[in-house]
Structures are given as structure tokens and as C-alpha cells.
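Structure at a glance
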Amino acid sequence: MTEKKEPEAKQNMEEARVGVYVCHCGLNIAGSVNCEEVAKFAATLPHVVLAQDNRYTCSDQGQEGIKKDIKEHRLNRVVVASCSPRLHEPTFRKTCEDGGLNKYLFEMANIREHCSWVHLYDHEAATEKAKDLVKMAVAKAVLLQPAEEVEVPINRKALVIGGGVAGIQAALDLADTGYTVYLVEKQPSIGGMMARIDKTFPTMDCSICILAPKMSDAGHHPRIELLTNSEVAEVKGYIGNFHVKVTRKPRYVTKDCSACGECVKVCPIIAPSEFDVGLATRHAIYTPFAQAVPATYLIDMDLCLNKEGVIVCDKCVKACERQAVKYEMKPEPVDLEVGTIIVATGADVFDPSTLPHYGYGKLPNVITSLEFERLINAGGPSGGHLIRPSDKEIPKSVAFVQCVGSRSDRNGRLYCSNVCCMNTIKDSLLIKEHWPDTEIYVFYVDIRAYGKGFEDLYNRARKAGVKFIRGLPAEIKEDKRTRNLWLMGENTLQKELYKINVGMAILSVGLEARKDSETIQRLLTLSRNQDGFFLEAHPKLRPVDAATGGVFFAGCAESPKDIKDSVTQASAAAARAGILMAKGKVTVEAITPIVYPEKCTACGLCTKVCPYNAITLNKEKKQITIIEAACGGCGTCSAECPFGALTQSHFTDEQINAQIDAVTEHDAHKKVVAFCCNWCSYAGADFAGVSRMQYPPNVRIIRTMCSGRVSQKFVERTFARGAAAVMVTGCHLGDCHYINANYQTQKRVERLWKKMEQSGLNKERLQLLWVSAAEGERFASKVREMKAIVERATSEEVEKSRKVFEKALSGD
């Protein structure tokens with residue numbers, strides 16, 4: 001249990017010696033803030049003993065200057081006014097530590113992304129806002145307390161979820177480094193999507209020829225335990241100490257299987273092959289493909305004639321010399337203890353049947369690019385021969401239609417799937433190599449040949465006679481007599497309509513987030529972007545780390561990417577996981593709850609709202625215990641406690657109240673105070689800044705780790721101080737970094753709305769906004785909307801709300 005006496009504000013304030021550094025980087029040159037004026041203002045603030053502006057505070061020279069000033073001016077608090085703390089807070093915390101100051105005595109004011117870049121054309125207002133942000137940061141810094149981080153031992157075993165090329169690479173890298181790895185794959189074999197592809201771009205290598213050796217290495221590595229036909233059912237614990245339950249589904253064939261295939265010959269049941277995308281068949285007892293790892297066969301009990309122990313057919317049993325077929329096998333629970341987890345669950349392909357104008361599913365000669373890969377593959381259903389499904393004839397002309405399921409408002413997938421252009425160019429060259437007389441058309445929006453060797457491949461295709469037409473078909477129709485296809489649309493380069501007849505059309509389908517991503521998100525407390533892919537902790541500085549400590553991403557689970565990038569990211573994820581396990585321990589950030597036992601009534605409200613079950617209640621002793629290593633640091637428990645027995649380290653009630661008081665000291669009736677969660681809405685506001693999305697300068701942001709930290713009292717205090725409006729913002733429901741903490745946010749805001757309505761106040765002045773890290777425009781739009789609400793709020797209404805909430809805070 002973390003206990004601490006309530007800090008004495010006066011003592012802290014008397015001792016505080018604050019140094020303020022206003023950074024010019026991206027502000028005076030590409031922004032609108034007068035940094036010299038802001039620095040002069042900072043020098044007038046209480047407890048500021050040093051204030052200066054410089055061009056690059058994050059440079060080695062700037063950091064050395066801070067270290068020097070800490071000693072020369074006896075600074076015990078440091079404030080840097082520059083970019084987002086999500087970018088450089090770790091940098092400056094390290095600087096303070098190197099200068100002999102506890103790193104938790106540092107605070108940042110975000111005057112770049114949240115000020116200068118979003119108010120480019122209003123220099124005066126931007127500068128005044130920057131002063132407010134610095135004032136708020138100093139007010140909090142004065143009350144900061146030194147903190148020590150808890151060390152947690154790391155279990156030196158890893159779990160890799162997903163057995164595609166990314167998962168295989170990550171597992172091999174970790175195993176080769178000396179760590180035990182559990183590789184969990186829900187399909188009967190590892191290999192993933194790459195096993196189904198014929199050739200790879202830009203080298204045109206045989207895909208399975210590259211992949212099969214790696215599959216074999218993973219299957220036979222002494223430090224890798226393969227758990228195929230298995231799914232992760234439960235994950236508990238925290239960084240370094242995850243308790244994982246895996247359900248291993250029965251194969252109904254033991255490891256004694258020699259993969260001779262005699263059982264398949266006698267099995268009477270036939271069904272479409274999932275591996276061949278329904279273009280070929282398989283039996284109820286089968287192996288997914290020739291190079292499958294493990295090679296052990298399995299029985300699909302949904303197809304098998306034997307149900308629930310009733311033996312109707314035993315042909316496969318009789319055919320098996322090794323007696324490896326066992327109908328009585330049951331699902332097997334597997335408990336794992338691991339220190340790190342790599343998510344490499346891959347992506348799904350878009351289903352074009354939702355686009356009726358292309359006729360997929362109705363016109364037999366319209367197929368997908370994945371179906372084409374299986375047709376052209378020597379091990380596929382046609383033995384590698386290019387045939388069209390309707391008559392099994394070689395088509396004299398082929399059309400590729402790009403961006404099917406990508407870059408389109410029609411299906412809601414606005415992103416580029418990254419691989420489609422080059423995959424089509426590769427496939428067109430494969431056709432030209434074996435059937436040079438085939439006429440090939442590629443209908444595209446833009447050709448994106450951005451990678452190493454990609455442009456060369458594109459030029460090869462053009463020289464080989466592939467015709468590229470800019471403009472997607474508006475419709476594909478079938479010639480009933482020949483079963484050929486008519487593609488009709490507009491060539492946007494030549495500005496003319498086209499109507500082209502081809503023997504077969506191949507829809508270049510995009511990648512989309514897996515349908516089971518929501519399950520993985522819930523199990524591991526992850527965030528996803530608006531496209532459904534998992535969201536990394538920072539796109540530049542921590543591109544393979546999840547926001548949840550100890551969890552990493554590899555491959556298409558994070559975003560669409562090709563094989564090379566998937567393998568690269570897998571090795572990066574393995575390296576990041578390996579760093580953690582090599583240390584053998586990790587420190588937990590000191591933002592966990594602080595308990596005041598004398599105020600605790602053992603009501604248990606905090607235990608009910610904790611997303612991590614990190615708080616235990618002893619009713620007999622009337623006390624709670626915090627398991628710091630399990631705590632995520634959301635602060636929801638602190639906001640929920642009605643007796644002030646809990647607060648959050650580094651985001652204490654006193655510190656947040658000081659920020660509220662600082663921003664509302666002058667012209668409060670003109671301002672909007674926004675409480676933003678670190679992971680999504682604050683990051684969304686950062687994205688608005690990076691994208692130079694302009695919005696009114698009357699908003700002031702207070703950062704919390706989670707919107708669940710925002711208590712009713714913070715909102716009440718803000719209105720009692722005369723603020724015009726309040727925004728409480730956080731992650732979308734279901735996407736909260738802290739599992740479900742933002743549901744408590746919603747409940748509190750709804751209670752406040754009810755109170756405002758009962759008091760005759762306009763509840764529009766309190767807004768609840770869910771914003772993802774990618775939704776900068778959503779944040780900016782809401783601030784623009786709030787400006788109109790502020791302008792409509794009369795001085796009488798603001799005064800009335802001030803009195804209502806002042807009374808609420810006093811307890812009357």
C-alpha cells in the first residue's frame with residue numbers, strides 16, 4: 001500500500017525554485033508565439049527564479065544549459081514550454097535526472113502543437129494563450145513531489161500471438177536470443193497469408209520457398225513451443241508478469257501422425273478448401289497445405305460424420321497404421337506465464353461482394369487478387385495455369401481493378417492498403433512471362449511504387465506492354481454469350497470515357513483489420529485507430545510498442561504492410577521485447593494512487609471502478625491495498641473516491657486544482673477549459689497541431705492520463721471559478737487505453753448534466769467528447785463549436801453557474 005501524508009501546499013510553495021525555458025523550435029519560425037514575450041511573462045510568476053528563451057532546448061547544448069542552471073540557480077522545479085510532452089517529456093526528465101533533480105519535478109507546457117501551430121494567424125491571441133499554458137505548468141510544478149518508481153521483475157518468456165511471417169520472425173529472433181517463446185496460431189498451421197501467395201515483389205521470388213524454411217525452423221526450434229489450432233482466452237497481469245490462458249482445440253490426430261495421407265484417400269466427406277479460397281476442395285480429415293507446420297493432420301469435426309462420441313464412420317482410423325486418429329480428444333487449457341507479448345495477428349482481405357457494381361460473386365470471371373494468387377500458384381487448384389472460372393480457358397485479356405476496399409468513401413476505408421499496386425504489377429508480369437500475348441489492363445487511382453526496386457518493377461511492366469488506365473470502372477457487366485466482361489468508366493488523364501472488353505477481371509482487394517481484433521484489444525487493453533488497426537504508443541519514437549507496457553506489434557496487425565516491412569517490424573518488436581527481458585526488471589511509472597488511510601471509510605467504490613483489479617479491500621481492517629505493479633495509472637479510483645482518501649501521484653487533486661485556478665484567474669468567462677486524456681484526446685489535439693488545423697484560441701488544455709481521472713469536483717471548480725465552458729474528452733468507448741475507465745467519465749458527466757438542468761443551467765456549456773489520436777479534425781471542430789456556445793453564454797448565466805457550483809463545492 002502506498003501511504004503518504006497530505007502535502008502541505010504552503011511548505012511546497014515556499015521551497016519551490018522554478019526554472020522556465022521557452023523554446024523557439026517551430027514557434028517563432030513556423031508558428032505565431034512571441035517566445036521572448038512569453039519568457040518575460042514567466043519571469044514575473046511566483047517562485048520562478050529563472051526564465052529564458054532559446055532556440056533548441058532539446059538539443060545537447062540546451063539540455064546542458066538546464067543541467068548547469070539546476071546547480072547554479074539551485075532549481076528544484078523545471079518547466080519547459082515547447083512541444084508536446086508526448087514527444088520530449090522523457091528527454092527532459094532524463095536531463096533533470098542527469099542534473100541531480102528528481103525527474104518527477106519536471107513539467108511541460110505544450111505551446112507548439114496546442115498553441116502556435118493551431119493559431120498561425122492570430123499572433124497576439126496565441127502569445128496570450130502561451131502565457132496561460134506556462135502559468136498553468138508553473139502552478140502545477142510548484143506542487144510537484146519527488147517520486148520513486150517501483151521495480152518489477154520480468155519473466156524471461158515471451159508470447160507471440162499470430163503465426164504468419166511476422167509472428168514467425170519475431171519468435172525466431174527471440175528464441176535465437178535465448179528466450180523461451182510460445183507461438184500461438186488459431187489456424188492448424190503457421191504460415192499465414194504469405195503461404196498462400198505465389199511470388200513476392202519486387203524480387204519475384206517463390207513465396208513458399210522463402211517461407212517454408214522459416215516455418216520449419218520455428219517448428220523445430222528447441223526454445224519455441226508451437227500452439228497451433230489454439231486461441232488466447234484470457235490475459236491477466238501486467239508488464240513482465242502476464243498470466244495467459246490458451247485454449248488448444250483438439251486436432252483429433254496425435255503427434256504420431258506421419259502425414260502419409262492414407263486417411264484422406266478413404267474419407268468420404270469433401271468441402272471447399274479455405275487455404276485455396278474455395279477454388280479447390282479438401283476432406284474432413286486434411287492438412288491445410290503441403291508444407292504445413294506442424295505436418296500433423298486434423299479432423300474438421302463440423303464436417304465429420306462422427307458427432308459427440310457417436311462413431312458412424314471409422315475409415316480414417318482403419319487407414320492409419322500408427323493409430324494416430326483419436327476421436328475422443330478434447331479442448332485443452334494451457335496456462336502460460338510470460339513477461340512480454342507480441343501481437344502479430346495479421347489482417348483480413350476486403351470482401352468485394354459488398355460492391356455490387358463489380359459483380360463479384362455473381363459474375364464467375366470476376367475474381368479477387370487472392371484467388372488469382374492461388375490460381376497462378378503451381379501448387380494451387382489449376383496447377384499454376386491461368387484459367388478463367390467460367391470455362392477453364394486461358395483468357396486472352398485480363399483487367400486488374402485497383403483500390404477495391406481501399407481509398408474509398410463508398411466502403412468507409414479511406415486508407416491505402418500499401419501492397420495492392422505492387423502486387424498487381426507483380427501479377428501482371430507473371431502473366432506476361434508465361435502468356436506474353438495476353439492483353440493486360442490496370443485500372444488505377446494512383447500507382448504507389450514507393451519502395452526499393454518498386455519503380456523498376458513498374459517500368460518493367462510498362463515495357464512489357466501492360467496498359468495502365470487512370471480511372472476505376474464505374475461498372476462491370478457480363479457478355480451473356482461469351483461470358484467476357486465489359487468494363488466501363490472514365491480515363492481521367494485523357495478525359496474520355498472507356499468501354500473495354502476482357503476475358504477476366506481481377507479485383508485488387510485491400511487489407512482490413514481482422515474481425516477478431518476487438519477480442520485481442522479487450523484481452524490486452526489495447527487501442528485501435530479509426531480503421532480498426534492497433535494503435536502504437538508513438539508513431540515515430542515507439543512505433544512497435546503498444547501503450548500497454550510489455551506488449552508490442554508486428555506486421556499487419558498494426559497497419560497494412562508488405563512482407564519486407566512485416567519482417568522488419570517483427571525483428572524490431574522482438575528487439576524491444578528482448579530489451580525488457582534482458583534487463584530482468586522494469587520500473588513502473590510513479591503515477592499510481594496515493595492513499596490517505598485516515599480518510600478511507602472502506603466503502604469499496606475504488607475497487608469497483610479499477611479496470612485492473614489493482615485495489616483490494618479489507619473490510620475488517622477498513623483499509624485498501626494498492627498493487628502498484630498491476631496499476632495502469634489511470635486515476636479513476638482517485639476521481640471516484642468521495643472522501644478524498646485517494647489521489648494520483650503526479651496528477652494530484654491539488655495540482656490539477658492549481659492548473660484550474662491559474663487558467664481562470666483572468667478572463668475566465670472567455671475561456672474553455674478542456675480536460676484531455678494523454679493517450680487519445682490529448683494526442684488528437686497534438687495531431688491537430690501537427691496538421692496545422694486552425695481553431696479558436698480560447699481553449700486551455702489540462703492533461704490527465706485518462707478521462708477517468710476527471711472528477712466532478714474538477715468540473716465544478718472550473719465553473720465556480722467563472723469559466724465559460726468545460727470540455728471533458730477521452731478515448732472512444734470501447735477503445736480506452738485503461739480498458740473501461742472512460743465509462744466512469746461518462747457517468748460523472750451525465751450526473752453533472754442532470755445537476756445543470758435541475759439548476760436551470762445550459763448543459764451545452766459542458767461537453768463530453770470522444771476523440772481518437774487520429775481525429776485531430778474532430779477535436780478542432782468541437783473547439784470551433786464551443787466558441788459559439790461561449791459567445792451565447794451571457795454574463796448572468798456564467799455568474800449563475802459560478803454560484804451554483806461554488807455552493808456545490810462548499811457542500812451546502
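Cut-offs and rules
Residues numbered from 1 in each chain as written. Predicted model: local features only at pLDDT ≥ 70, side-chain atom pairs only at ≥ 80, totals over all residues. Heavy atoms only, no water. Helix = DSSP H or I, 4+ residues; strand = E, 2+ residues; numbered from the N terminus. Rg over C-alpha atoms; globule rule 2.2 N^0.38 Å. Buried < 20%, exposed > 50% of the residue type's maximum accessible area, 1.4 Å probe, protein only. Areas by Shrake-Rupley, 256 points an atom, 1.4 Å probe, with all protein chains shown as cover. Lys, Arg positive; Asp, Glu negative; His and termini not counted. Charge placed at Lys NZ, Arg CZ, Asp CG, Glu CD. 1 Å grid on protein atoms, 1.4 Å probe; cavity = no way out; pocket = protein on both sides within 12 Å on 5 of 7 lines; lining within 4 Å. Points joined across faces, edges and corners; volume = space filled by probe spheres on them. Salt bridge = Lys/Arg side-chain N within 4 Å of Asp/Glu carboxyl O. Pairing = 2+ DSSP bridges. Axes fitted to C-alpha atoms, helices over the stretch in contact; angles between N-to-C directions. Expected span 1.5 Å × (residues − 1). Contact = heavy atoms within 4.5 Å. Phe/Tyr/Trp six-rings, centres within 6.5 Å; stacked < 30°, edge-to-face > 60°. Lys NZ or Arg CZ within 6 Å of the ring centre and 35° of its normal. Parallel < 35°, antiparallel > 145°, perpendicular 65-115°, else oblique. Left-handed = near helix turned anticlockwise from the far one by under 90°. Nonpolar A, V, L, I, M, F, W, Y, C, P; charged D, E, K, R; others polar. Core = buried A, V, L, I, M, F, W, Y, C linked by side-chain atoms within 4.5 Å. Patch = residues over 30% accessible without salt bridge, like charges linked within 9 Å, V, L, I, M, F, W, Y side chains within 5 Å. Disulfide = S-S within 2.5 Å. pLDDT = per-residue confidence, 0-100. Right-handed = clockwise from strand over helix to strand, strands pointing away.

1. With respect to the overall build of the chain
A tally of helices and strands in the chain yields 22 helices and 38 strands. The C-alpha radius of gyration computed for the chain amounts to 31 Å, which stays within 12% of the reference 28 Å derived for 812 residues, consistent with globular compactness. When its C-alpha atoms are laid out on the principal axes, the chain stretches across 85 × 70 × 55 Å. Out of the 812 residues belonging to the chain, those deemed buried represent 58%. Carbon and sulfur atoms make up 50% of the accessible area of the chain, which totals about 34500 Å². Seen as two clouds, the 105 positive and the 99 negative side-chain charges of the chain have centres 1 Å apart.

2. A short note on empty space enclosed by the protein
Evaluated as defined, the whole model comprises 8 cavities of 30 Å³ or more. Each pocket or cavity is described by its volume, and for the largest cavity that value is around 180 Å³. What lines the largest cavity is a set of 15 residues, among which Met-108, Ala-109, Asn-110, Tyr-682 and Ile-701 lie closest to the centre.

3. Comments concerning the pattern of salt bridges
Opposite charge on two side chains permits them to pair, given that their charged atoms come into close proximity. For the structure on display, the rule yields 55 salt bridges. Residue Arg-802 is joined to Glu-799 by a salt bridge in which the shortest nitrogen-to-oxygen separation is 2.7 Å. You can see Arg-802 and its partner Glu-799 sitting in helix 22 (residues 795–810), 3 residues apart, about one turn around the helix. The class for Arg-802 is partly exposed, based on a relative accessible area of 22%. A network of salt bridges, in which partner residues are shared, links Lys-186, Asp-348, Arg-413, Glu-512, Arg-514, Lys-515 and Asp-516.

4. Quick look at the sheet that holds strand 23 (residues 485–491)
Taken in spatial order, the 3 strands line up as 22-23-24 in an open sheet, and their pairing is antiparallel. Looking at strand neighbours, the two that pair on one side only are strand 22 (473–478) and strand 24 (496–502), the edges of this open sheet. The sheet shows a mean angle of 20 degrees between the axes of neighbouring strands, direction not considered.

5. Re unusual backbone geometry
Cis geometry is found at the peptide bond from Phe-201 to Pro-202, where omega equals 0 degrees. Cis geometry is found at the peptide bond from Val-293 to Pro-294, where omega equals 0 degrees. Within the secondary structure, Pro-294 is located in the loop between strand 13 (285–286) and strand 14 (298–299). Phi is positive for Asn-229, which is not a glycine, with a value near 55 degrees.

6. Focus: helix 6 (residues 165–177)
Each α-helix turn comprises 3.6 residues. Residues three or four places apart therefore point the same way. Taking 1.5 Å of rise per residue, 13 residues should cover 18 Å, and helix 6 covers 18 Å from first to last C-alpha, within 8% of that figure. Of all the 13 residues making up helix 6, 10 are buried; the element is thus mostly covered by neighbouring parts of the structure. Within helix 6 the residues assigned to the buried category are Val-165, Ala-166, Gly-167, Ile-168, Gln-169, Ala-170, Ala-171, Leu-172, Leu-174 and Ala-175. As for helix 6, its buried residues are in contact with strand 6 (157–161), strand 7 (180–185), helix 7 (207–220), strand 8 (224–228), strand 16 (340–343) and helix 14 (563–583). Positive backbone phi, at 115 degrees, marks Gly-178, one or two positions downstream of helix 6.

7. Quick word on the packing of aromatic side chains
One pair of aromatic rings is described through two measures. These are the centre distance and the angle between the planes. Taken as a whole and judged by the stated rule, the model has 15 aromatic pairs. Each ring, one from Phe-201 and one from Phe-454, has its centre 5.4 Å from the other, and the planes form 75 degrees; the classification is edge-to-face. With Phe-201 in the loop between strand 7 and helix 7 and Phe-454 in helix 12 (residues 454–463), this residue pair connects regions lying 253 residues apart in the sequence. For Phe-454, a relative accessible area of 5% translates into the label buried. Both rings, one in Tyr-458 and one in Phe-468, keep their centres 5.0 Å apart while their planes meet at 80 degrees; by these two values the pair is edge-to-face. Taken together, the residues Tyr-458 in helix 12 and Phe-468 in strand 21 (residues 467–470) connect sequence positions 10 residues apart. Ring-pair connections join several aromatic residues into one group, and the members of that group are Phe-201, Tyr-450 and Phe-454. Its guanidinium or amino end placed over the ring of Tyr-286, Arg-282 lies 4.0 Å from that ring's centre, counting from NZ or CZ. Seen from the ring of Tyr-682, Arg-703 lies directly overhead, with NZ or CZ sitting 5.8 Å from the centre.

8. Points about helix 19 (residues 712–720)
Summarising burial for helix 19: 7 of the 9 residues are buried, a large majority. When we look at burial in helix 19, the residues that qualify are Gln-712, Phe-714, Val-715, Glu-716, Thr-718, Phe-719 and Ala-720. Taken together, the buried residues of helix 19 touch helix 17 (653–663), strand 35 (672–677), strand 37 (725–730), helix 20 (742–758), strand 38 (766–770) and helix 22. Following helix 19 by one or two positions, Gly-722 has its phi on the positive side, about 95 degrees.

9. Comments concerning the packing of helix 5 (residues 123–142) against helix 17
Running from N to C, helix 5 and helix 17 cross one another at 150 degrees; their axes reach a closest spacing of 8 Å. Between helix 5 and helix 17, the crossing angle belongs to the class labelled roughly antiparallel. As helix 5 runs across helix 17, the sense of the crossing is right-handed. Across the interface between the two elements, Asp-132, Lys-135, Met-136, Ala-139 and Lys-140 of helix 5 pack against Gln-655, Ala-658, Gln-659, Ala-662 and Val-663 of helix 17. Of the residues in the contact of helix 5 with helix 17, the class split is 5 nonpolar, 2 polar and 3 charged.

10. Observations regarding the nonpolar core
Counting residues in each nonpolar core, the largest one holds 79 residues, and the members touching the most others are Val-20, Val-78, Ile-111, Val-134, Phe-675, Val-728 and Leu-766. Looking at this core, the element that brings in the most residues is helix 5, giving 10 residues.

11. A word on a nonpolar patch on the surface
A contiguous nonpolar patch, built from Leu-305, Val-310 and Val-312 and spanning about 270 Å² of accessible area, is present on the exposed surface. Of note, Val-310 is situated in the loop between strand 14 and helix 9 (315–319).

12. Observations regarding the state of the cysteines
Overall, the coordinates contain 1 disulfide when judged by the stated rule. Disulfide pairing is shown between Cys-206 and Cys-209; the S-S distance is 2.5 Å. On the sign convention where negative is left-handed, the bridge of Cys-206 and Cys-209, at about 75 degrees about the S-S bond, is right-handed. Just so you know, Cys-634 is unpaired, no disulfide at all, and the nearest cysteine sulfur is the one on Cys-706, 5.3 Å from it.

13. A closer look at the confidence of the model for the chain
Here the chain averages 93 in pLDDT, while 97% of its residues score no lower than 70. Long-range and interchain partners of residues 1–13, a stretch whose pLDDT sits below 50, account for 28 contacts in this model, where long-range means more than four residues apart.

14. Thoughts on the pairing of strand 38
Across the 5 residues of strand 38, 5 count as buried, placing the element largely inside the fold. The alternating pattern of strand 38 places Leu-766, Leu-768 and Trp-770 on one face and Gln-767 and Leu-769 on the opposite face, and all of these are buried. Here strand 37 pairs with strand 38 via 5 bridges, running parallel. Within the sheet, the bridge partner assigned to Gly-730 lies in strand 38 and is Trp-770. Crossover strand 37 to strand 38 through helix 20 is right-handed.

15. Some thoughts on the packing of helix 6 against helix 7
Where helix 6 contacts helix 7, the axes come no closer than 10 Å and their chain directions differ by 50 degrees. It follows that helix 6 is oblique to helix 7 by the angle criterion. Seen from above, helix 6 lies across helix 7 with left-handed handedness. Contact with helix 6, carried on its side by Val-165, Ile-168, Gln-169 and Leu-172, involves Leu-211, Lys-214, Met-215, Asp-217 and Ala-218 of helix 7 and no other residues of that element. Residues that form the contact of helix 6 with helix 7 fall into these classes: 6 nonpolar, 1 polar and 2 charged.

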